[in-house]
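For reference, the chains in residue letters:
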Amino acid sequence: DSGVTQTPKHLITATGQRVTLRCSPRSGDLSVYWYQQSLDQGLQFLIQYYNGEERAKGNILERFSAQQFPDLHSELNLSSLELGDSALYFCASSVSPQMDEQFFGPGTRLTVL
Amino acid sequence: QQQVKQSPQSLIVQKGGISIINCAYENTAFDYFPWYQQFPGKGPALLIAIRPDVSEKKEGRFTISFNKSAKQFSLHIMDSQPGDSATYFCAAVNTGGFKTIFGAGTRLFVKA
């Protein structure tokens, strides 16, 4: 158990809908990262927040957004969902903003029908 | 270029054998190279990592070899066990430029 929690574990929704994924980092970690894992694209870095501020952006679509709250938990919002958005979404956390020593949560499996 | 090329895609090793997974990167700005282990239905778990100022790092049965001039690094699993059967991902991180690129993954199966 990495200490990173993610909810929900599974999410099934329809195209065009909007969903919110939630992540609580390990105690003491200030950085939160979001990743998408799909069969054809592998693990793709989406976005990083450090202590409430956006720190780095990866391959995140404009339909997706994230934020980190004062208690350091983070939410990833996915809107106008398409079939191709079906994937595993992982949150990771680390102490520093340097992207090293990341600890991953168990993931949220999103299925868009 | 930002790619990290990982090989092989899959690997079958006998119990007690050595598993070797290779990764190559192109961007010399990467300065942190972790390996992650992922079991089905779980998130990736940090296994071992190396920085480019050393050529080798060993933790238990796991060793990273790093060749800075060739821009390659590899994971060696000594005395491979069935419990090591998992997918392994390498990654390259530019800690100053805030970029993380993962390899495509290697599915390892250790036969008992």
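Residues numbered from 1 in each chain as written. Chains lettered and ligands numbered in written order. Predicted model: local features only at pLDDT ≥ 70, side-chain atom pairs only at ≥ 80, totals over all residues. Heavy atoms only, no water.

(A) Region of interest: the overall build of chain A. Looking only at helices and strands, chain A has zero helices and 11 strands in total. Helices and strands appear in chain A in the N-to-C order β-β-β-β-β-β-β-β-β-β-β. Its C-alpha radius of gyration of 13 Å places chain A within 12% of the 13 Å reference for a compact globule of 113 residues. Its C-alpha atoms put chain A at 35 × 30 × 25 Å along the principal axes. Relative to its 113 residues, chain A shows a buried fraction of 50%. Sequence separation of 24 or more characterises 56% of the internal contacts of chain A that already satisfy a separation of 6 or more. Put simply, chain A shows about 5,400 Å² of open surface, and 48% of that area lies on carbon and sulfur atoms. (Helix = DSSP H or I, 4+ residues; strand = E, 2+ residues; numbered from the N terminus. Rg over C-alpha atoms; globule rule 2.2 N^0.38 Å. Buried < 20%, exposed > 50% of the residue type's maximum accessible area, 1.4 Å probe, protein only. Contact = heavy atoms within 4.5 Å. Areas by Shrake-Rupley, 256 points an atom, 1.4 Å probe, with all protein chains shown as cover.)

(B) The arrangement of the interface of chain A and chain B in detail. Across the contact, 17 residues belong to chain A and 17 residues belong to chain B. It is L43, M99 and F104 of chain A in chain A that bury the most area against chain B; as a group they hold 33% of the surface buried on that side. Across the chain A-chain B interface, the total number found is one salt bridge. Between R51 of chain B and D100 of chain A there is a salt bridge, and its shortest N-O distance comes to 2.7 Å. Run the count over chain A and chain B and you get three residue pairs in polar contact (both at pLDDT 80 or more). Listing elements by their share of the side of chain A that touches chain B, those giving two or more residues are β4 (31–38), β5 (42–50) and β6 (53–57) of chain A. Top contributing element to the side of chain A that touches chain B by residue count: β5 of chain A, with three residues. Across the side of chain A that touches chain B, the residue classes break down as nine nonpolar, five polar and three charged. (Buried area = accessible area lost by both parts, 1.4 Å probe. Salt bridge = Lys/Arg side-chain N within 4 Å of Asp/Glu carboxyl O. Polar contact = N/O pair within 3.5 Å; in protein donor to acceptor, adjacent residues only side chain to side chain. Nonpolar A, V, L, I, M, F, W, Y, C, P; charged D, E, K, R; others polar.)

(C) Seen up close, the sheet that holds strand β1 (residues 4–7) of chain B. All names here are of chain B. Pairing is antiparallel in the open sheet, where five strands are placed in the order β1-β3-β8-β7-β6. With one partner strand each, in any of the chains shown, β1 and β6 (56–59) form the two edges of the open sheet. When strand polarity is set aside, the average angle formed by the axes of neighbouring strands in this sheet is 15°. Where strand β3 (residues 19–25) lies against strand β8 (residues 72–77), six bridges are found, and the strand directions are antiparallel. Paired with C23 across the bridge in β8 is F73. (Pairing = 2+ DSSP bridges. Axes fitted to C-alpha atoms, helices over the stretch in contact; angles between N-to-C directions.)

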